[in-house]
Amino acid sequence: MSAAASRGRPGFPRHAEALEALGVRGRRRALMPRAGRDFSSNDYLGLASSELLRAAARAALDRGVATGSGGSRLLRGNDAEHVALEEEAAAFFGAPAALYMGAGFPGNVAIFSSLPMQGDLVLHDALVHASAHDGLRLGRAETQSFAHNDADAARDALRSWRAAGGTGRAWIACESLYSMEGDLAPLDDLAAVAAEDGAVLVVDEAHATGLYGVQGQGRAHGLDPSVDLLSLHTCGKALGGAGGLICGDPMLIDTLINRARNFIFSTAPSPLDAAVMRAALRLVAERPKLREAAWRNIAHAHEAARRGGFGAFGTQILPVLIGDDAEALALAQALQARGHDVRAIRPPTVPRGTARLRVSITPNVSKDEIDALFADLADIRKAAA
Ligand SMILES: Cc1ncc(COP(=O)(O)O)c(C=O)c1O
């Protein structure tokens, strides 16, 4: 019995009803203890629990790095570790300036709520992350979505907006690798659309940082330098820590510092996290073997998937489309019962009718474990057919 109910009050019947309704539709979530072999994390380089980053954390503590920042960056919270990380990140990602936020989600909220201005247009891929949508809702610019990965549709929308009298700046937002599709954005084509109009290209590199690019700088690194590029690199995935690094023009970074409410009115990230991320960037740059090990597993997984009759786009994320929410959930549970930590992804994370299993491949599993997963998946699907 809830505390309110035990005091004779009604508790939260409307919340209970809403949760029950989610349950009926196969969409109620619950926190589960971590169990089984890792086919669901975004720990793409296996750094999150690595001795390499644990050692970096210990070394940072030993040299006196603080665990907490004690305040907003604009007040007492601005630590030398934040500043050093931003300088090193800008150099690594080939950007003129960078800003460190507590995570990628607030990074996107900051970008979209404060950079596009009244009279501007934000054109975004139909499948951009929830954090971009939340930022856009707080912002002042007009927004339009274009069909997933369709640069021609983005161009048409932009031309129509100009023809209808749009005079502000255009911003084109995409992800470089889509988290739930596992497919890659046509970045060169989108950059060409941006170049034609003088638009800013905003690329969320959450799932590409560390794994793509010559040294793991992501997929936007090396794009046409005449395009105004703003990129977001999340630190909680391949980099094995926490945070979000926004990289781009110093004027935009300065605008974030002055106008992004969730940067200004929030305690700065832990300096220890910043120190660990400095180490992660160095590891990614200096140890290509980390990336090579990850790609060996990814290549192996694609081979196993192909043998099992599952299609994929060649990236570390292999979605298995199911469609029905309850069916996807049952399939995930059957795989979990066999020791594979695979999760069902359901609406609203993905569009209605496209529930799926999201298999992600990291160095945290062996090739035999990858083979066993795809064998079990084929087996369970055959039994269910
Ligand atoms: C594409 C994309 N952008 C942003 C984020 C948010 O990043 P973070 O988890 O660091 O808040 C995610 C998280 O899953 C993501 O997939």
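Calculation criteria
- Residues numbered from 1 in each chain as written.
- Predicted model: local features only at pLDDT ≥ 70, side-chain atom pairs only at ≥ 80, totals over all residues.
- Heavy atoms only, no water.
- Core = buried A, V, L, I, M, F, W, Y, C linked by side-chain atoms within 4.5 Å.
- Buried < 20%, exposed > 50% of the residue type's maximum accessible area, 1.4 Å probe, protein only.
- Helix = DSSP H or I, 4+ residues; strand = E, 2+ residues; numbered from the N terminus.
- Domains from an automatic or database assignment.
- Contact = heavy atoms within 4.5 Å.
- Pairing = 2+ DSSP bridges.
- Axes fitted to C-alpha atoms, helices over the stretch in contact; angles between N-to-C directions.
- Near = heavy atom within 4 Å.
- Polar contact = N/O pair within 3.5 Å; in protein donor to acceptor, adjacent residues only side chain to side chain.
- Areas by Shrake-Rupley, 256 points an atom, 1.4 Å probe, with all protein chains shown as cover.
- Nonpolar A, V, L, I, M, F, W, Y, C, P; charged D, E, K, R; others polar.
- Salt bridge = Lys/Arg side-chain N within 4 Å of Asp/Glu carboxyl O.
- UniProt positions renumbered as here; feature names shortened; annotations may be inferred.
- 1 Å grid on protein atoms, 1.4 Å probe; cavity = no way out; pocket = protein on both sides within 12 Å on 5 of 7 lines; lining within 4 Å.
- Points joined across faces, edges and corners; volume = space filled by probe spheres on them.
- Phe/Tyr/Trp six-rings, centres within 6.5 Å; stacked < 30°, edge-to-face > 60°.
- Expected span 1.5 Å × (residues − 1).
- Arc of directions from axis to C-beta.

Visitor: Please explain the nonpolar core as it appears in this structure.
Guide: Across soluble globular proteins, nonpolar side chains show a tendency to be buried alongside one another. Counting 63 residues, the largest nonpolar core has Leu-53, Met-277, Leu-357, Val-359 and Phe-374 as the members making the most contacts within it. Ranked by residue count, the leading element in this core is helix H11 (residues 271-286), at 10 residues. Per-domain counts for this core show at least three residues from each of domain 1 (32-47 + 288-384) and domain 2 (65-286). If we skip the residues at most four places from it in the chain, Met-277 touches Leu-53, Leu-85, Tyr-100, Cys-235, Leu-239, Gly-240, Gly-241 and Ala-242. Counting 25 residues, the second-largest nonpolar core is a separate cluster that includes Ala-97, Ile-111, Trp-171 and Val-200.

Visitor: What am I meant to see in the sheet that holds strand E11 (residues 343-345) here?
Guide: Strands pair in a sheet through their backbones, by hydrogen bonds, and they do so in one of two ways: parallel or antiparallel. Strand order in this open sheet of three strands is E9-E12-E11, and the pairing throughout is antiparallel. Strands at the two margins of the open sheet, each flanked by one partner only, are strand E9 (317-323) and E11. Averaged over all pairs of adjacent strands, the angle between strand axes in this sheet comes to 30 degrees, irrespective of strand direction. As defined by bridge partners, E9 adjoins strand E12 (residues 355-360) across six bridges and the pair is classed as antiparallel.

Visitor: For this particular structure, what's the right way to read the site of the ligand?
Guide: Looking at the ligand, there are 13 residues lining it, with Gly-104, Phe-105, Asp-204, His-207 and Lys-237 nearest. One of the side-chain nitrogen or oxygen atoms of Asp-204 is found 2.6 Å away from a nitrogen atom of the ligand. The separation between an oxygen atom of the ligand and a polar side-chain atom of Lys-237 is 2.8 Å. Taken by itself the ligand offers 390 Å² of open surface, and the protein chains cover 81% of this. Ranked by residue count, the leading element in the shell around the ligand is helix H5 (residues 104-114), at three residues. Here the residues of the shell around the ligand sort into three nonpolar, seven polar and three charged.

Visitor: Please explain the pattern of salt bridges as it appears in this structure.
Guide: Between side chains of opposite charge, a pair can form when the charged atoms approach closely. For the coordinates displayed, the defined rule picks out 18 salt bridges. Its salt-bridge partner being Asp-325, residue Arg-27 comes within 2.8 Å of it at the nearest N-O pair. One end of the pair, Arg-27, is in the loop between helix H2 (13-24) and strand E1 (37-38); the other, Asp-325, is in helix H13 (residues 325-337), and 298 residues separate them in sequence. With relative accessibility at 11%, the residue Arg-27 sits in the buried group. A relative accessible area of 9% means that Asp-325 is categorised as buried. With its nearest N and O atoms 2.7 Å apart, the salt bridge here joins Arg-278 to Glu-88. Within this pair, whereas Arg-278 is found in helix H11, its partner Glu-88 is found in helix H4 (residues 80-93), the two being separated by 190 residues in sequence. For Arg-278, a relative accessible area of 16% corresponds to the buried category. Looking at Glu-88, the relative accessible area reads 28%, which means it is partly exposed.

Visitor: Whenever I open this one, the UniProt feature "domain: Aminotransferase class I/classII large" (unreviewed entry) in the chain confuses me. Can you help?
Guide: UniProt marks residues 38-374 with the feature "domain: Aminotransferase class I/classII large" (unreviewed entry), using the numbering shown here. With 42% helix and 17% strand, the stretch residues 38-374 has end C-alpha atoms that lie 14 Å from each other.

Visitor: Would you take a moment to explain the layout of surface pockets for this structure?
Guide: Which parts of space are left empty comes out when a probe the size of a water molecule is rolled across the atoms. Here the largest pocket defines a volume of roughly 1,000 Å³. Lining the largest pocket are 31 residues; nearest its centre among them are Met-32, Ser-40, Asp-341, Arg-343 and Ile-345. Listed by contribution, the elements that provide at least two residues to the lining of the largest pocket are E1, H13 and E11. The greatest single-element share of the lining of the largest pocket, amounting to four residues, is contributed by H13. Residue classes in the lining of the largest pocket are distributed as 11 nonpolar, nine polar and 11 charged. By volume, the second largest pocket amounts to about 510 Å³. Taken together, 30 residues make up the lining of the second largest pocket; nearest its centre are Val-227, Asp-228, Leu-229, Gly-248 and Asp-249.

Visitor: I keep staring at the packing of aromatic side chains and nothing clicks. Help me out?
Guide: Between two aromatic rings, the relevant description is the distance of the centres plus the angle of the planes. Inspection of the entire model under this criterion finds three aromatic pairs. Here Phe-92 and Phe-93 contribute two aromatic rings whose centre-to-centre distance is 4.9 Å and whose plane-to-plane angle is 70 degrees, an arrangement assigned as edge-to-face. Residue Phe-92 shares its accessibility class with Phe-93, and that shared class is buried.

Visitor: How do you make sense of empty space enclosed by the protein when you look at a structure like this?
Guide: Inspection of every chain in the model, using the stated rule, returns two cavities of 30 Å³ or more. Lining the largest cavity are Asn-108, Phe-112, Val-128, His-129, Ala-132, Ala-173, Cys-174, Glu-175, Val-202, Val-203 and Asp-204. Elements with a minimum of two residues in the lining of the largest cavity: H5, strand E5 (170-175) and strand E6 (200-204). Broken down by class, the residue content of the lining of the largest cavity amounts to seven nonpolar, two polar and two charged. The wall of the second largest cavity is formed by Ala-305, Phe-310, Gly-311, Ala-312, Leu-318, Pro-319, Val-320 and Phe-374. At three residues, the largest contribution of residues to the lining of the second largest cavity is made by E9. Within the lining of the second largest cavity, the residues separate by chemical class into seven nonpolar, one polar and no charged.

Visitor: Looking at this structure, how should I read helix H14 (residues 367-384)?
Guide: In an α-helix, one turn spans 3.6 residues; hence positions three or four apart end up facing the same way. Helix length check: H14, at 18 residues, gives a terminal C-alpha distance of 26 Å against a target of 26 Å (1.5 Å per residue), a fit within 8%. Those residues of H14 that fall on the buried side of the exposure criterion are Ile-370, Leu-373, Phe-374, Asp-376, Leu-377 and Ile-380. One side of H14 holds all its buried residues, which, seen down the axis, span an arc of 160 degrees. Turned more than 90 degrees off the buried face of H14, the exposed positions are Asp-368, Lys-382 and Ala-383. Packed against the buried residues of H14 are helix H12 (288-307), E9, H13, strand E10 (340-341) and E12.

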